[in-house]
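# Working through the structure, step by step
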Amino acid sequence: MSTAITFSEYGAPEVLRPTEVAPPQPGPGQVRIKVRAASVNPLDMKIRSGLMAKIVPARFPVTPGLDAAGVVDAVGEGADAAVGDEVLGATVGGSYAEYALLERPVAKPEGLSWEVAASLVTVGLTAHRVLGQLGVEAGQTLLVHGAAGSVGFLAVQLAVARGITVIGTVGEKDIERVTALGATAVRYGDGWAERVKVAAPGGVDFVFDASGAGVLADSVALTGDVDKVITIADMSAQQHGVRFSAGSADQSGQVLPELVQLAAAGKLTVPIWRTYPLAQAAQAHADLEAHRNQGKAVLLP
């Protein structure tokens, strides 16, 4: 037997409890890893609370978690890894556990920490996906809401590297962090749209909302076109005619290895805020929901 964090009802962080479970068995093309790090994503908390029940209905008990990094200890038929390999990827059946399954394992470079390896997957793939969906190109101006958050922080870096002019809305404490990435940081809150207009006198071509802070109407007004605004965090997107971008790990085979190499080379930064023992998953959720973080929270089984 092994330990996993599970919940059997929707609710507050306290519904997350350590549970004794049988280690999962890898199917064809899958590998099982001894988890060294599992990242906590905002979607984990939305699923746990029941906010996503209509979109992602739970089959209790649920082991939450999307991403993990660890050492392969069992392989299924046709799996693209061997026992002992250090890998990372999107999990099948949850990552808040001592053991997890991966379908598309990506090799972890020696110089990449376990914490960053686990934290890069969903946020990196999401940032990359949305930039592609927007079609923003070098020389254009992109506004990123929530530029200091996990997804926004990576989106800013990827966009700047492509020669895109980036404006990022952030809290006062994050202005220097985001400015250091090569973006123009603008304080969010009342009056943010006017501040963006001052920062981007030539106008804003596209908007990537990673904040879910009720900014869609003004974002559409800034661009003049609903098709130039995408959100990953505002469930009212449909009311504004804005695309809500949600994705899967299907793109990980092509994109994730590239992101991993950028991170290993120091060209892509994933800020790690705090690590927690696996048994303190509920505390990690509580801290993140209190908005105390400046980066990723990571569980260490």
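Throughout what follows, the structure given in this document is the object of discussion. (Residues numbered from 1 in each chain as written. Predicted model: local features only at pLDDT ≥ 70, side-chain atom pairs only at ≥ 80, totals over all residues. Heavy atoms only, no water.)

## A short note on the overall build of the protein chain
Assigned secondary structure in the protein chain consists of 8 helices and 15 strands. In summary, the protein chain has a C-alpha radius of gyration of 19 Å against a globular reference of 19 Å for 301 residues, a match within 12%. Overall size of the protein chain, expressed as C-alpha extent along the three principal axes, is 60 × 40 × 30 Å. Counting over 301 residues, the protein chain shows a buried share of 50%. Pairs at least 24 apart in sequence give 64% of the contacts found in the protein chain among residues at least 6 apart. On the protein chain, the mean spot of the 23 positive side-chain charges and the mean spot of the 30 negative ones are 3 Å from each other. (Helix = DSSP H or I, 4+ residues; strand = E, 2+ residues; numbered from the N terminus. Rg over C-alpha atoms; globule rule 2.2 N^0.38 Å. Buried < 20%, exposed > 50% of the residue type's maximum accessible area, 1.4 Å probe, protein only. Contact = heavy atoms within 4.5 Å. Lys, Arg positive; Asp, Glu negative; His and termini not counted. Charge placed at Lys NZ, Arg CZ, Asp CG, Glu CD.)

## Some thoughts on the nonpolar core
Leu88, Leu120, Leu142 and Phe208 are the most contacted members of the largest nonpolar core, which totals 49 residues. Among the elements of the structure, helix 2 (114–134), strand 8 (141–145), helix 3 (150–161), strand 9 (165–170), strand 11 (206–209) and helix 7 (252–264) are those that each provide at least two residues to this core. It is helix 2 that provides the largest number of residues to this core, a total of 12 residues. When sequence neighbours within four positions are dropped, the list of residues in contact with leucine 120 reads Leu125, Leu154, Leu259, Val260, Ala263, Leu268 and Val270. Counting 29 residues, the second largest nonpolar core, distinct from the first, contains Val35, Ala38, Ala297 and Leu299. (Core = buried A, V, L, I, M, F, W, Y, C linked by side-chain atoms within 4.5 Å.)

## Describing the packing of aromatic side chains
A full pass over the atoms with the stated rule returns 2 aromatic pairs. One aromatic cluster is present, formed by Phe7, Tyr10 and Phe60 through successive ring pairs. Of note, arginine 32 hangs over the ring of tyrosine 99, and the distance from its end group to the ring centre comes to 5.3 Å. Against the face of phenylalanine 206 rests lysine 228, its NZ or CZ located 5.7 Å from the ring centre. (Phe/Tyr/Trp six-rings, centres within 6.5 Å; stacked < 30°, edge-to-face > 60°. Lys NZ or Arg CZ within 6 Å of the ring centre and 35° of its normal.)

## Describing unusual backbone geometry
The residue after phenylalanine 60, namely proline 61, is reached through a cis peptide bond having omega -5°. Relative to the assigned elements, proline 61 resides in the loop between helix 1 (42–49) and strand 4 (67–75).

## Examining the sheet that holds strand 13 (residues 243–244)
Read from one edge to the other, the open sheet built from 6 strands follows the order 10-9-8-11-12-13, with strand pairing classed as parallel. With partners counted over all chains shown, the strands left at the sheet margins are strand 10 (184–187) and strand 13, one partner each. Across 2 bridges, the pairing between strand 12 (residues 229–231) and strand 13 is parallel. Looking at the pairing, isoleucine 230 lines up with arginine 243 of strand 13. Against the sheet, helix 2 contacts strand 8, strand 11, strand 12 and strand 13, and its axis sits at roughly 150° relative to strand 11. (Pairing = 2+ DSSP bridges. Axes fitted to C-alpha atoms, helices over the stretch in contact; angles between N-to-C directions.)

## Focus: the pattern of salt bridges
Opposite charge on two side chains allows them to pair when their charged atoms are near. Counting across every chain of the model gives 9 salt bridges. One salt bridge in this structure joins lysine 173 and aspartate 174, with 3.7 Å as the shortest N-O distance. For lysine 173, a relative accessible area of 54% puts it in the exposed group. Exposure remark for aspartate 174: the relative accessible area of 7% places this residue in the buried category. A salt bridge links arginine 274 to aspartate 287; the shortest N-O distance between them is 3.1 Å. Of the two residues, arginine 274 sits in strand 14 (residues 272–277) while aspartate 287 sits in helix 8 (residues 281–289), which places them 13 residues apart along the sequence. The class for arginine 274 is partly exposed, based on a relative accessible area of 38%. A relative accessible area of 3% places aspartate 287 in the buried class. Within this structure, Lys173, Asp174 and Arg177 form a network of salt bridges that share partners. (Salt bridge = Lys/Arg side-chain N within 4 Å of Asp/Glu carboxyl O.)

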